Amino acid sequence: MAKQKKYLNRELSWLDFNQRVLEEAKLPTAPLLERLKFLAITASNLDEFFMVRVGGLQLLRKSGKRRPDPCGLSPVVQLKAIGDRVSQMVNEQYQCFTDVIEPALDAGGIHRIATDALSFEQEQYLSRFFAEQVYPVLTPMKLAADLPFPGFHGLELYSAVRLAPANEGEDDRYAVIPLGRALGRFVVLPSEPGHSFVMIEDVVRRFADRWFPGMDVIECRTFRVTRNADIAVREDEAGDLLSGMTSILEERRFSDCVRLEVESGISTHMLSFLRRGLKLDGRDVFRVRGPVNLKDFMRLSALEGFDSLRVESWQPQPPAQIDRQTAMFEQIAARDILLY
């Protein structure tokens, strides 16, 4: 009879917890915007998981440490198991979003519009929006295979652009457009009735050729990197704690990449180029069948005017045991009161 293990792996156990959150998003009886909220929470949880727990395991692997955890798994084995488990979870996330939640949102009046399906009025609005608010703010950066990549910020969106070669027989050219946070993720469109929007990355893709006059844009895809944040200050070695914290925060901005998220339609050429530049293995890449970073959809869950798609809020009620005409400290002196 096999000996029963006394311990569960901490990382795989955490993923089981996040799976339970995901099951709330998949619950067909729950209101739609509540399901979207839970889906955004699972994505946010995975960000933290990769930054700290996967980042720490990758540091152990790179340092050559093979000591197993209490349940007998080495860092390499844990990373393999985590990769398999997260791939399954991400597939379930996007199956839930793309096949279930988004079509239901569309039926409920919340529409994500593709840029090739805009009405004439929406097309005119988006063209003005790009010219006035996007083009002056976003600046492309050239990428070269023989030069270090710029320091992509962790958990921020970028559009990678593949351009046709300048001359026949040469390689494709690449550039990246940081989408930043100033513009927001959702561009609200004029529509009646309902709430219609396009994603900022779709706007950039629609007008990408404006940044590259005279060049042929072959491909424009969204990606996001996650960087290792498992870096700590050694207080016994840091003479100045403030200086030490400043150094740690700077290191986190440009620490090793632990995950690359890309749109599923990305070409093999572009993906290989990004992987080489970021020094990532194939197991660190996650193709997603929908918008990169579902965490941003938390904002949609709070849309006004769609109360029928969320749980009815409770009105606060004063407790009957509290005399509102008597000072609170006098009542506390008379008997214990639990404040929650």
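Every chain's residues receive numbers from 1 upward, in the order its sequence appears when written. Totals for whole chains, interfaces and linings use every residue, but because this is a predicted model, local features are given only for residues with pLDDT of at least 70 and side-chain atom pairs only at 80 or more, for both listing and counting. In computing side-chain properties, one takes all heavy atoms of the structure into account and sets aside hydrogens as well as water.

**Here's the deal with the overall build of the protein chain**
A tally of helices and strands in the protein chain yields 8 helices and 9 strands. When its C-alpha atoms are laid out on the principal axes, the protein chain stretches across 85 × 60 × 55 Å. When the 340 residues of the protein chain are sorted by exposure, 44% land in the buried category. In what follows, residue pairs with any heavy atoms lying within 4.5 Å of each other are defined as contacts. Counted over contacts in the protein chain with a minimum sequence separation of 6, partners at least 24 positions apart contribute 73%. Approximately 20,000 Å² of the protein chain is accessible, and the part contributed by carbon and sulfur atoms is 52%. One finds the centroid of the 44 positive side-chain charges in the protein chain at a distance of 6 Å from the centroid of its 48 negative side-chain charges. Secondary structure elements are taken from DSSP: a helix is a run of H or I of four residues or more, a strand is a run of E of two residues or more, and numbering for both begins at the N terminus. Categorising residues by exposure relies on relative accessible area from a 1.4 Å probe, with only protein chains included: less than 20% of the type maximum marks a residue as buried, more than 50% marks it as exposed, and the intermediate range marks it as partly exposed. Per-residue accessibility takes into account occlusion by the displayed protein chains alone, with areas from the Shrake-Rupley method and a 1.4 Å probe. Here the positive residues are Lys and Arg and the negative ones are Asp and Glu; neither His nor the chain ends is included. Where a charge sits is defined by one atom per residue type, namely NZ (Lys), CZ (Arg), CG (Asp) or CD (Glu).

**What to know about unusual backbone geometry**
A cis amide bond, omega -5 degrees, links Glu 192 with the succeeding residue Pro 193. Phi is positive for Lys 279, which is not a glycine, with a value near 60 degrees. Within the element layout of this structure, Lys 279 appears in the loop between helix 7 (268–278) and strand 9 (285–288). Residue class for Lys 279 comes out exposed when judged on its relative accessible area of 74%. Non-glycine residue Asn 293 carries a positive phi angle of around 75 degrees. Topologically, Asn 293 is positioned in the loop between strand 9 and helix 8 (328–334).

**Examining the nonpolar core**
Side-chain atoms within 4.5 Å are what join buried Ala, Val, Leu, Ile, Met, Phe, Trp, Tyr and Cys residues into a set we call a nonpolar core. Judged by nonpolar contacts, the single largest core of 63 residues is most densely connected at Leu 126, Val 134 and Val 203. Among all residues touching Val 134, those that are not within four sequence positions of it are Phe 129, Leu 183, Ile 200, Val 203, Val 204 and Trp 211. Residues Phe 223, Leu 271, Leu 280 and Val 285 belong to the second largest nonpolar core, which totals 20 residues.

**Comments concerning the sheet that holds strand 8 (residues 257–263)**
Adjacent strands of a sheet pair through backbone hydrogen bonds, lying either parallel or antiparallel. Spatial strand order, 2-4-3-7-8-9: 6 strands in an open sheet with mixed pairing. One side of each edge strand has no neighbouring strand; the edge strands of this open sheet are strand 2 (141–143) and strand 9. Direction aside, neighbouring strands of the sheet carry axes that sit 30 degrees apart on average. One requirement defines pairing of two strands: DSSP has to find at least two bridges between them. Looking at chain direction, strand 7 (residues 217–227) and strand 8 are connected through 5 bridges and run antiparallel. Counted as the bridge partner of Phe 223 is Val 262 from strand 8. The convention used is that axes are lines fitted to C-alpha atoms, helices contributing only their stretch in contact, and that angles between N-to-C directions extend from 0 to 180 degrees.

**Considering the environment of Ala 104**
Tracing the backbone through its elements, the reader meets Ala 104 in helix 3 (residues 75–107). Under the relative-accessibility criterion, Ala 104 is labelled partly exposed at 30%. The sequence separation of Ala 104 and Leu 300 amounts to 196 residues, and the corresponding C-alpha distance is 14 Å.

**Things to note about the pairing of strand 7**
Extensive coverage of strand 7 is indicated by the burial of 8 of its 11 residues. Looking at chain direction, strand 3 (residues 157–163) and strand 7 are connected through 7 bridges and run antiparallel. Along strand 7, the bridge assignment pairs Tyr 158 with Phe 223.

**Side note on the pattern of salt bridges**
Think of a salt bridge as a Lys or Arg side-chain nitrogen and an Asp or Glu carboxyl oxygen that are within 4 Å of each other. One pass over the structure, following the stated rule, counts 25 salt bridges. A salt bridge links Glu 123 to Arg 206, with the nearest nitrogen and oxygen atoms 2.8 Å apart. Taken together, the residues span a long stretch of sequence, with Glu 123 in helix 4 (residues 120–134) and Arg 206 in helix 5 (residues 200–206) at a distance of 83 residues. Between Glu 261 and Arg 224 there is a salt bridge whose closest N-O contact spans 2.9 Å. One end of the pair, Glu 261, is in strand 8; the other, Arg 224, is in strand 7, with 37 residues separating them in the sequence. Exposure class is identical for Glu 261 and Arg 224. Each is buried.

**Some thoughts on the environment of Cys 257**
With respect to the helices and strands, the residue Cys 257 is situated in strand 8. Not counting residues up to four positions away in its chain, the partners in contact with Cys 257 are Gln 58, Val 225, Thr 226, Arg 227, Leu 278 and Leu 280.

**Digging into the confidence of the model for the protein chain**
Confidence of the predictor at the level of single residues is given by pLDDT, which spans 0 to 100. For the protein chain, mean pLDDT is 90; residues scoring 70 or higher make up 91% of the total. Note that pLDDT drops below 50 for residues 232–241; the model gives that stretch 7 contacts with residues more than four away or on any other chain. Taken as a whole, residues 247–252 scores under 50 in pLDDT and shows 8 contacts with residues more than four places along the chain or in a different chain.

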